[in-house]
Amino acid sequence: MHNPLGWTGLSQWSYLAAAFAAMLLTVWMTERRRRGRESSRALIAALALSTAWALVTSSLGPNAAITQLFEMARNLGWLVVVYSLFARDNRHTTVVQVRPVLVVLAMVEVFQIVLLVLAIRFAGIEQAGAMIFQLSVMFRLLLTTGALVLVHNLYAGAISGQRDAVRWTALALALMWGYDLNLYTIAYLGHMVPLELAALRGPIQVAAMLLIAIGAMRGGSPLRFSPSRAVAFQSLSLLVIGGYLILMVAAAQSVAWLGGDVSQLAQLGFAFATTVVILALVPSRRLRGWLNVMLAKHFFQHRYDYRSEWQRFTRTIGRAGPNAAPLHARVVQALADITDSASGVMLIPGEGGDLVLAARWQWATIEVPAEAMPAATAQFFERRGFIVDLDEARAGIDHEGEKGLMPHWLIEEHAAWAMVPLLHYDRLVGLVVLGRPPLARKLDWEDFDLLRVVGQQLASYIAEHNGQSALLEASRFDEFNRRIAFVMHDIKNLASQLALLARNAERHADNPAFRKDMLVTLTNAADKLNALLARLSRYGAGGVQRIEPVDAAEVVEALAARYREAGGECPVYVTDSHPCPVLASRETLEQVLAHLVQNAIDASQPGMAVFLQTRLDGLTGVIEVSDTGCGMSADFVRNRLFKPFVSTKAGGFGIGAFEARELVRAMNGRLEVESREGLGSRFAVRLPLSVTAEHEKTHVNETDADPVDPQVPENTTEGKKVA
């Protein structure tokens with residue numbers, strides 16, 4: 001059983017206690033301010049209004065008209081406190097985002113006066129009184145909900161190190177308005193204010209005053225508010241939803257008053273009109289663009305959400321894959337996305353310094369001449385880095401002399417909106433012309449700053465891309481030059497042999513044996529030239545035409561005989577020759593050994609011998625080329641010997657040892673070198689033995705064959721079944 005008299009008495013005493021607590025806190029904070037301590041005027045005023053409201057509620061009850069007026073004044077006072085907390089660092093520009101929300105909430109609360117007048121006017125009509133009560137409660141719900149969102153944003157939007165300054169006050173406001181939210185929700189659903197819950201508002205007010213006193217005693221540092229766009233949009237959305245809900249409740253109550261067929265017709269007409277408006281406005285890109293501009297202009301300190309812009313920029317530039325647009329087109333799109341431009345083109349410096357078209361993005365209709373802009377225009381952008389608003393140029397506004405440099409085709413193209421230079425280390429790498437967005441606006445300082453920074457970042461991407469392209473082209477030329485160097489090296493060796501043959505022909509031309517050897521030498525030279533032409537396409541790939549069993553001892557003997565017949569300054573001897581069947585290409589092996597022998601001769605003094613030998617070492621065959629020449633240092637062997645185009649010989653190409661090693665590797669072998677300065681060098685060519693390959697092939701064939709179980713008879717029916 002409810003006890004109205006008991007709850008009424010409790011309500012009076014609880015509100016009286018709340019008034020006493022608020023009054024004490026008001027006097028204490030006023031005294032603090034008089035002594036020069038930090039105390040907010042808005043907070044003192046709100047406490048005074050709370051004191052008056054609690055006294056009136058204790059005397060007249062929570063439902064009296066005068067009580068409602070004082071509650072309205074109390075709520076307005078606390079809204080002012082919220083505003084003062086947002087602007088606590090005396091920078092009122094930081095509350096631009098929340099000021100409209102506070103104004104709307106204040107207007108909603110002031111509307112309670114109209115409802116009080118209507119309640120007095122229609123006091124004798126029960127239905128009117130019920131509807132006015134519901135509207136009043138609905139407005140209070142909207143106020144408390146919006147106020148709680150602001151309190152949350154006040155605390156969450158503060159810099160983490162400065163939240164202590166507002167923690168206790170925010171907690172007190174959350175407690176006060178949170179309880180009111182539950183109270184008015186139950187009142188709206190039950191069509192009356194429960195006396196029990198109304199009586200408990202007094203203790204809640206006392207607790208809120210205690211939290212405020214704790215916050216005042218702890219003090220606080222200057223607070224700076226930094227709301228995110230998501231928070232501001234949520235607050236705005238909440239107000240829109242609340243306003244729409246109030247409108248719907250009012251419409252529903254009005255329709256209920258009408259009754260009968262008029263009620264049904266009104267409902268049907270309202271639903272039809274709402275549907276038409278939604279279908280007409282929601283798909284409109286222009287309306288969405290206008291809303292974005294208005295919200296960014298009036299609700300945010302900064303137009304751009306830089307975190308989202310940077311993420312979108314990174315996704316656009318970093319897009320890869322076969323379906324991705326070329327880099328220059330992605331550069332245009334990245335800039336166009338920032339300003340919501342629908343199209344754009346990119347110009348880059350040509351060979352003569354003028355700007356030429358490099359890419360289009362969703363702008364196939366613009367006519368760009370072969371020489372889009374002269375070199376003077378490119379130099380202007382490179383020197384100034386100026387972002388041009390083409391609408392200003394068309395209007396005759398000239399900031400830094402850009403008006404006279406704008407080409408006629410660009411001025412006459414009214415869809416062109418802005419020009420953004422891309423500068424990399426004060427060098428112009430590109431110029432982007434942005435198309436006009438669906439909802440054109442005047443570019444401001446924030447647009448210029450963001451476009452300038454993004455332009456510099458895009459210029460670095462383009463410079464990196466150009467550098468990679470240049471490196472790729474240089475590597476191709478390097479490969480071409482390397483092939484030519486190999487050819488020249490081989491031709492030089494053949495030319496040396498032919499020159500030696502020509503000199504000996506002067507002395508031995510009448511000797512039939514010499515003429516016979518000369519024909520053999522000429523035939524070999526011709527074969528080598530043909531093989532060289534056939535091998536040109538294989539340089540760089542490391543491939544060998546055909547690998548087969550070759551007796552390395554025969555190759556060594558033939559090579560030594562050729563040098564003996566040539567009668568060079570350094571004799572070539574075979575010191576130890578054992579049969580050495582290896583897997584190799586005979587022609588390639590001869591070329592490798594010829595390189596090594598010639599290098600040994602070049603490194604030796606006249607009359608000093610070069611030695612060849614073959615031997616077996618496990619599963620490999622070894623061909624050694626030794627000399628007693630000048631030798632090489634360990635550093636030279638490690639860092640320079642096999643580096644192409646590095647040579648210690650005058651006129652040398654520096655590719656003999658490198659080519660020899662690559663050819664040996666192509667035959668699945670290894671080239672080893674040992675050298676001592678002043679003592680000589682030894683090169684060892686290691687190649688796999690042919691018997692090793694045959695053994696591996698036999699082993700593979702035996703492994704691949706189907707195994708036969710010796711315990712199962714092959715010619716029996718049972719054995720076949722088991723197999």
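Relevant structure appears above.
None of the values given here were measured: they were computed from a predicted structure.

> What am I meant to see in the overall build of the chain here?
If you tally the helices and strands in the chain, you get 24 helices and 12 strands. By the burial criterion, 41% of the 723 residues in the chain qualify as buried. Here the chain has roughly 39000 Å² of accessible surface; of this, 60% comes from carbon and sulfur atoms.

> I would appreciate a short explanation of the pattern of salt bridges in the present structure.
Charged atoms that come close allow side chains of opposite charge to pair. Applying the stated rule across the entire model yields 21 salt bridges. The partner of Glu 590 in a salt bridge is Arg 586, and the shortest N-O contact between them spans 3.6 Å. Here Glu 590 pairs with Arg 586, and both are found in helix H20 (residues 586-602), just 4 residues apart, close to one helical turn. Salt-bridge contacts for Glu 624 lead to Arg 615; the nearest nitrogen and oxygen are separated by 2.8 Å. Shared partners join several salt bridges into a network, and the residues in it are Glu 71, Arg 74, Glu 109, Arg 140, Asp 180 and Arg 201.

> Is there a simple way to think about a nonpolar patch on the surface in this case?
A contiguous nonpolar patch, built from Leu 60, Ile 66, Leu 69, Val 110, Ile 113 and Val 117 and spanning about 470 Å² of accessible area, is present on the exposed surface. Those elements giving two or more residues to the nonpolar patch turn out to be helix H3 (65-86) and helix H4 (99-121). With 3 residues, H4 is the largest single contributor of residues to the nonpolar patch. Looking at the secondary structure, you find Val 110 in helix H4. The partly exposed category is assigned to Val 110, whose relative accessible area is 38%.

> Would you mind going over the sheet that holds strand E10 (residues 620-627) with me for this structure?
Adjacent strands of a sheet pair through backbone hydrogen bonds, lying either parallel or antiparallel. What the 5 strands build is an open sheet, ordered E7-E9-E10-E12-E11; its pairing is mixed. Among the strands making up the open sheet, the edge pair consists of strand E7 (572-576) and strand E11 (670-676). Going from strand to strand, the sheet's axes swing by 20° on average, the running direction of each strand aside. With 4 bridges connecting them, E7 and strand E9 (residues 610-617) associate as parallel partners. In the sheet register, Tyr 573 faces E9, and the bridge partner there is Phe 611. Along the sheet, H20 makes contact with E7, E9, E10, E11 and strand E12 (680-688), crossing E10 at roughly 25°.

> What exactly am I supposed to notice about the nonpolar core here?
A general tendency of soluble globular proteins is for nonpolar side chains to be buried together. Residues Leu 593, Val 685 and Leu 687 are the most contacted members of the largest nonpolar core, which totals 38 residues. Breaking this core down by element, the ones donating at least two residues are helix H19 (552-566), strand E8 (581-584), H20, E9, E10, helix H21 (634-639), helix H22 (656-666) and E12. The element best represented in this core is H20, accounting for 7 residues. Counting residues in hydrophobic clusters, the runner-up holds 35 residues, among them Ala 46, Val 82, Leu 150 and Trp 177.

> Can you walk me through the environment of Leu 148 in this structure?
Along the chain, the position of Leu 148 falls in helix H5 (residues 126-156). Along the chain, Leu 148 and Ala 174 lie 26 residues apart, while their C-alpha atoms are 6.2 Å from each other. Excluding residues that lie within four positions of it along the chain, Leu 148 makes contacts with Ala 174, Trp 177, Gly 178 and Leu 181.

> Just to check I follow, could you spell out the sheet that holds strand E2 (residues 355-361) for this structure?
Strand order in the open sheet formed by 5 strands is E2-E1-E5-E4-E3, and the pairing between neighbours is antiparallel. If you trace the sheet from one side to the other, it starts and ends with E2 and strand E3 (388-389), each paired once. Here strand E1 (residues 344-349) runs beside E2; their pairing, made up of 6 bridges, is antiparallel. From the neighbouring strand, Val 345 faces E2, where its bridge partner is Arg 360. Where helix H13 (residues 327-339) meets the sheet, it contacts E1, E2, strand E4 (416-424) and strand E5 (427-435), and its direction lies at approximately 70° from that of E2. The strands touched by helix H14 (residues 375-384) within the sheet are E2, E3, E4 and E5, with E5 carrying the most contacts at an inclination of about 100°.

> Help me understand the packing of aromatic side chains, please; the structure alone is not making it clear to me.
The description of two aromatic rings rests on the distance between their centres and on the angle between their planes. Throughout the structure, instances matching the rule amount to 6 aromatic pairs. Seen in terms of ring centroids, Phe 111 and Phe 139 are 4.9 Å apart; in terms of plane orientation they differ by 65°. Their pairing is edge-to-face. Placement of Phe 111 in helix H4 and of Phe 139 in helix H5 is noted, with a sequence separation of 28 residues between them. One aromatic cluster in this structure is built from Trp 310, Phe 313 and Tyr 461.

> Can you walk me through unusual backbone geometry in this structure?
With the exception of glycine, the majority of residues adopt a negative phi angle, and the majority of peptide bonds are in the trans configuration. A positive phi is found at Gln 362, a non-glycine position, where the angle reads about 55°. With respect to the secondary-structure elements, Gln 362 resides in the loop between E2 and H14. Judged by its relative accessible area of 57%, Gln 362 falls in the exposed class. A positive phi is found at Asn 668, a non-glycine position, where the angle reads about 65°. Within the element layout of this structure, Asn 668 appears in the loop between H22 and E11.

> Quick question: what am I supposed to make of H22 here?
For an α-helix the count is 3.6 residues per turn, leaving residues at separations of three or four pointing the same way. Counted residue by residue, H22 has 9 buried out of 11 residues, so it is predominantly covered. One or two steps after H22, the chain reaches Asn 668, where phi turns positive at roughly 65°.

> Could you clarify how one ought to interpret the environment of Ala 18 in this entry?
By the secondary structure assignment, Ala 18 is in helix H1 (residues 4-34). Under the relative-accessibility criterion, Ala 18 is labelled buried at 3%. Each C-alpha atom of the pair Ala 18 and Leu 55 lies 8.3 Å from the other, and the pair is 37 residues apart in sequence. With residues near it in sequence (within four places) discarded, Ala 18 still touches Ala 54, Gly 202, Gln 205 and Val 206.

> Help me understand the pairing of E4 in this model?
The side chains of a regular strand alternate between both faces of the sheet. Counting buried residues in E4 gives 9 out of 9 residues, a clear majority hidden from the surface. When E3 meets E4, the two strands line up antiparallel, connected through 2 bridges. Looking across to E4, one finds that Val 388 is bridged to Met 419. As defined by bridge partners, E4 adjoins E5 across 8 bridges and the pair is classed as antiparallel. Considered in E5, the bridge of His 424 is made with Arg 427.

> So what exactly am I meant to see when it comes to the packing of helix H6 (residues 167-190) against helix H8 (residues 201-218) here?
Between two packed helices, the angle of one axis relative to the other and the distance separating the axes together describe the packing. Running from N to C, H6 and H8 point in directions that differ by 165°, and their axes come no closer than 7 Å. In terms of axis orientation, H6 runs roughly antiparallel to H8. Crossing of H6 against H8: the hand is left-handed. The segment H6 lies against H8, with Trp 168, Leu 171, Ala 172, Leu 175, Met 176, Tyr 179, Asp 180, Leu 183 and Tyr 184 engaging Arg 201, Ile 204, Gln 205, Ala 207, Ala 208, Leu 211, Ile 212, Ile 214, Gly 215 and Arg 218. When the residues that make up the contact of H6 with H8 are grouped by side-chain class, the tally is 14 nonpolar, 2 polar and 3 charged.

So, how was this worked out
Residues numbered from 1 in each chain as written. Predicted model: local features only at pLDDT ≥ 70, side-chain atom pairs only at ≥ 80, totals over all residues. Heavy atoms only, no water. Helix = DSSP H or I, 4+ residues; strand = E, 2+ residues; numbered from the N terminus. Buried < 20%, exposed > 50% of the residue type's maximum accessible area, 1.4 Å probe, protein only. Areas by Shrake-Rupley, 256 points an atom, 1.4 Å probe, with all protein chains shown as cover. Salt bridge = Lys/Arg side-chain N within 4 Å of Asp/Glu carboxyl O. Patch = residues over 30% accessible without salt bridge, like charges linked within 9 Å, V, L, I, M, F, W, Y side chains within 5 Å. Pairing = 2+ DSSP bridges. Axes fitted to C-alpha atoms, helices over the stretch in contact; angles between N-to-C directions. Contact = heavy atoms within 4.5 Å. Core = buried A, V, L, I, M, F, W, Y, C linked by side-chain atoms within 4.5 Å. Phe/Tyr/Trp six-rings, centres within 6.5 Å; stacked < 30°, edge-to-face > 60°. Parallel < 35°, antiparallel > 145°, perpendicular 65-115°, else oblique. Left-handed = near helix turned anticlockwise from the far one by under 90°. Nonpolar A, V, L, I, M, F, W, Y, C, P; charged D, E, K, R; others polar.

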